[in-house]
Amino acid sequence: MNAFGSVLRRDLLLATRRKSEVLTALFFFMIVVSLFPLGIGPESAILRRIAPGVLWVAALLAAMLSLNRLFAGDYQDGTLEQLALSPTPLALLVGGKILAHWLTSGLPLVVLAPVLGLQFDLPAEALGVMMLSLLLGTPLLSLIGAIGAALTLGVRGGGVLLSLLVLPLYIPTLIFGAGAVEAYTAGLGAGANLSLLGALLALAVFFAPWAATAALRIALE
Amino acid sequence: MTPSSINWFKFAAPARFYPLAGRLWPWFAAIGTLLGLVGLWISFFVAPTDFQQGEGYRIIFIHVPASWMSMFIYCVMAFYALLGVTFNTRLAGMMSSALAPTGALFAFLSLWTGALWGKPMWGTWWVWDARLTSELILFFLYVGYIALTAAIDDPRRADKAGFIVSLVGVVNVPVIYFSVKWWNTLHQGASVSLTKAPSMATTMLLGMLIMALAFWAYTIAMALYRVRAIILERERNATWVAELPEMKS
């Protein structure tokens, strides 16, 4: 557990030293979301209708952009090999890295989403549900993305390949995440969608670090 | 406990599997062609015209078996992935990558014929029905698998990465299917459902089953044919390859 904490602390420290990488993904999120009203038109009825989907798709893309830096730096400078050699199970250390990735790329999206939701004229309660669904969903994006990032490590054209591998697997998260807000505004209650997101998250917390570790070991062979 | 007299791993060695595949694939190709001709004859000349859908319904003789095969091949790939992960046999990865293009072909064929069928029946090329959407995602999963294994130069590494992709994919396919299904009921998208189709006449069912068997035989023949090429490519430096009669001539 000590090793888990130190990997987490190290990755967070690295992220604070390279602020531009973290901020770029955040600004990407804001720009993508702001493009939709420009493309579709400023009628608030339509914007309110599409807001959950737009915010979620933008969050998906922003999370995917930052996946490249999850393992790539450590792979290039050999840190990853040292981690693999350590007596602590690699899956636990990978879990620490995934948590750090979520804290630097997922959590800021959760905080930022209500502000962007206001641009789309979402009511206050719907913004709360939106935040809750992102809070449950963005860790899932980091966890599933870690498998893809580990698989495409050191592979030609890794970035595009990563999106091809990971985006189909993101679809359930997108559906339940955006569905929670839509169900809430339709008066159905967001409970079912949020529970399903939570169930997926519980499954992914258990399986994803393990699958990502198996993929990392292939890359390190 | 007496040790089993069957050596389960006998044909796991590429050197032994290569001649076996060479002997088997022409048979499966012949069976596939024969069954395909019989199936097409039944579906075009014997099966009666549907009283609701007219002649256009005959597309399902290709469409339904293609969809079945596209899903089934993914499961077979996951099975080989499991074998490859547990026993670390080289042949598992070769079979997996030999099956992938055929699976992608059937997924594409299923989408394509589905669109052709949807236009006269539903009046639209595409609806966001749960089955259509998950078939599309399955097609993306195949493409992702092929792209990843093609991007890694070392074949053993490519195989192992492919194992993880197909195992993660096979766990996700039911999740994706149900998520799309529930999403669809929330949106009230498609008003036409495939499950409400009228029950089929026996000859129609027979035609469809024969076509499905033909596609099975085609898949096996293609996979064996392709795996022979993959074996030759990867084992080109081995002595047993140099001693093959077709290499000497």
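Refer to the structure above for everything that follows.
All values reported here derive from a predicted model rather than from experimental measurement.

A.B. asks: Help me understand the environment of Leu47(A), please; the structure alone is not making it clear to me.
C.D. replies: Residue and element names in this part refer to chain A. Structurally, the position occupied by Leu-47 is in helix H3 (residues 44-65). Exposure remark for Leu-47: the relative accessible area of 6% places this residue in the buried category. Residues Leu-47 and Val-160, 113 residues apart in the sequence, show an inter-C-alpha distance of 30 Å. Not counting the four nearest positions on each side in its chain, Leu-47 is found in contact with Pro-37, Gly-41, Pro-42, Gln-119 and Phe-120.

A.B. asks: Looking at this structure, how should I read empty space enclosed by the protein?
C.D. replies: Gaps left between atoms show up when a probe the size of a water molecule is rolled over them. Taken as a whole and assessed by the stated rule, the structure comprises 2 cavities of 30 Å³ or more. By volume, the largest cavity is sized at about 120 Å³. Leu151(A), Leu165(A), Val166(A), Leu169(A) and Val165(B) are the residues nearest the centre of the largest cavity, which is lined by 15 residues in total. When contributions to the lining of the largest cavity are tallied by element, the ones reaching two or more residues are helix H7 (124-151) and helix H8 (158-185) of chain A together with helix H4 (130-151) and helix H5 (155-187) of chain B. Looking at which element gives the most residues to the lining of the largest cavity, the answer is H8(A), with 5 residues. Here the residues of the lining of the largest cavity are counted per class, giving 13 nonpolar, 2 polar and no charged. Taken as a whole, the second largest cavity holds about 40 Å³ of empty space. Residue lining of the second largest cavity: Val22(A), Ala25(A), Leu26(A), Ala62(A), Ala63(A), Ser66(A), Thr104(A), Ser105(A) and Leu109(A), and that is the complete set.

A.B. asks: Looking at this structure, I do not really get the layout of surface pockets. What am I missing?
C.D. replies: In this structure, the second largest pocket spans a volume of roughly 810 Å³. As for the second largest pocket, its lining consists of 29 residues, of which Phe207(A), Trp210(A), Ala211(A), Leu167(B) and Val168(B) are closest to the centre. Where the lining of the second largest pocket is concerned, the elements lending two or more residues are H7, H8 and helix H9 (191-220) of chain A together with helix H2 (60-87) and H5 of chain B. Top element by residues in the lining of the second largest pocket is H9(A). It accounts for 10 residues. Of the residues that constitute the lining of the second largest pocket, the class distribution is 22 nonpolar, 4 polar and 3 charged.

A.B. asks: What should I look at first to understand the packing of aromatic side chains in this one?
C.D. replies: The description of an aromatic ring pair uses the distance of the two centres, along with the angle that the planes make with each other. Residue and element names in this part refer to chain B. One pass over the structure, following the stated rule, counts 12 aromatic pairs over all chains. Ring geometry for Phe-72 and Trp-216: centres 4.8 Å apart, planes at 20°, overall stacked. Here Trp-216 lies in helix H6 (residues 202-234) and Phe-72 lies in helix H2, a separation of 144 residues in the sequence. An aromatic cluster of three or more residues is present, and its members are Phe-108, Trp-112, Phe-139 and Phe-140. Over the ring of Tyr-18 we find Arg-228; its NZ or CZ atom is 4.3 Å from the centre of that ring.

A.B. asks: Can you walk me through the nonpolar core in this structure?
C.D. replies: Nonpolar side chains tend toward joint burial in soluble globular proteins. Counting residues in hydrophobic clusters, the biggest one holds 115 residues, and the most contacted among them are Phe29(A), Val33(A), Phe71(A), Ile147(A), Leu151(A), Tyr142(B) and Leu148(B). The contact partners of Ile147(A), leaving out residues within four places of it in the chain, are Ala208(A), Ala211(A), Ala212(A), Ala215(A), Ile164(B) and Val168(B). Counting residues in each nonpolar core, the second largest holds 15 residues, with Tyr18(B), Leu20(B), Ala21(B) and Met95(B) among its members.

A.B. asks: Help me out: how do you make sense of the interface of chain A and chain B in this one?
C.D. replies: Interface size is commonly expressed as the accessible surface area that is lost when the partners come together. Tallying the contact residues gives 27 residues for chain A and 27 residues for chain B. Here chain A meets chain B over a buried area of about 2300 Å², counting both sides, of which 77% is carbon and sulfur. Applying the counting criterion to the chain A and chain B interface returns 0 salt bridges. Across the chain A-chain B interface, the total number found is 1 residue pair in polar contact (both at pLDDT 80 or more). For the side of chain A that touches chain B, the secondary-structure elements that each account for two or more residues are H7, H8 and H9 of chain A.

A.B. asks: I'm lost on unusual backbone geometry in this one. Help?
C.D. replies: Across residues other than glycine, the phi torsion is negative in most instances, and most of the peptide bonds are trans. Phi at Asp121(A) is positive, roughly 65°, even though this residue is not glycine. When you line up the elements, Asp121(A) lands in the loop between helix H6 (90-119) and H7. Look at Asn88(B): it is not a glycine, yet its phi comes out positive at around 55°. With respect to the element layout, Asn88(B) can be found in the loop between H2 and helix H3 (90-122). A residue is classified by how much of its surface remains accessible, and Asn88(B), at 45% relative accessible area, is partly exposed.

A.B. asks: Explanation requested: H3(B) in the structure shown.
C.D. replies: Residues spaced three or four apart along an α-helix point in a common direction, a consequence of the helix completing one turn every 3.6 residues. Residue and element names in this part refer to chain B. For H3, with 33 residues, the first-to-last C-alpha span of 47 Å sits near the 48 Å given by 1.5 Å per residue. The largest bend in H3 is about 25°, located at Ala-100, with the proline Pro-101 one to four residues further on. Looking one or two residues past H3, Gly-123 carries a phi angle of roughly 80°, positive in sign.

A.B. asks: Hey, could you run me through a nonpolar patch on the surface in this one?
C.D. replies: On the surface, a nonpolar cluster with roughly 760 Å² of combined accessible area is contributed by Leu23(A), Phe27(A), Ile31(A), Leu35(A), Phe36(A), Leu38(A), Ile40(A) and Ile46(A). For the nonpolar patch, the element with the most residues is helix H2 (residues 19-40) of chain A, which contributes 7 residues.

A.B. asks: How do you make sense of the side chain of Thr173(A) when you look at a structure like this?
C.D. replies: Positionally, Thr173(A) belongs in helix H8. Its relative accessible area of 1% is what places Thr173(A) among the buried residues.

A.B. asks: Honestly, the pattern of salt bridges in this entry has me stumped. Any pointers?
C.D. replies: If charged atoms from side chains of opposite charge come close, those side chains can pair. Residue and element names in this part refer to chain A. In this structure the tally under the stated criterion is 9 salt bridges over all chains. The partner of Arg-10 in a salt bridge is Asp-74, and the shortest N-O contact between them spans 2.9 Å. One end of the pair, Arg-10, is in helix H1 (residues 2-17); the other, Asp-74, is in helix H4 (residues 68-76), with 64 residues separating them in the sequence. According to the relative accessible area criterion, Arg-10 is partly exposed, its value standing at 28%. Its relative accessible area of 6% is what places Asp-74 among the buried residues. Salt bridges here are not isolated pairs; linked through shared partners, they connect Arg-10, Asp-11, Asp-74 and Lys-97.

Conventions used here
Residues numbered from 1 in each chain as written. Chains lettered and ligands numbered in written order. Predicted model: local features only at pLDDT ≥ 70, side-chain atom pairs only at ≥ 80, totals over all residues. Heavy atoms only, no water. Helix = DSSP H or I, 4+ residues; strand = E, 2+ residues; numbered from the N terminus. Buried < 20%, exposed > 50% of the residue type's maximum accessible area, 1.4 Å probe, protein only. Contact = heavy atoms within 4.5 Å. 1 Å grid on protein atoms, 1.4 Å probe; cavity = no way out; pocket = protein on both sides within 12 Å on 5 of 7 lines; lining within 4 Å. Points joined across faces, edges and corners; volume = space filled by probe spheres on them. Nonpolar A, V, L, I, M, F, W, Y, C, P; charged D, E, K, R; others polar. Phe/Tyr/Trp six-rings, centres within 6.5 Å; stacked < 30°, edge-to-face > 60°. Lys NZ or Arg CZ within 6 Å of the ring centre and 35° of its normal. Core = buried A, V, L, I, M, F, W, Y, C linked by side-chain atoms within 4.5 Å. Buried area = accessible area lost by both parts, 1.4 Å probe. Salt bridge = Lys/Arg side-chain N within 4 Å of Asp/Glu carboxyl O. Polar contact = N/O pair within 3.5 Å; in protein donor to acceptor, adjacent residues only side chain to side chain. Expected span 1.5 Å × (residues − 1). Bend = angle between axes of the 7 residues up to and from the residue. Patch = residues over 30% accessible without salt bridge, like charges linked within 9 Å, V, L, I, M, F, W, Y side chains within 5 Å. Areas by Shrake-Rupley, 256 points an atom, 1.4 Å probe, with all protein chains shown as cover.

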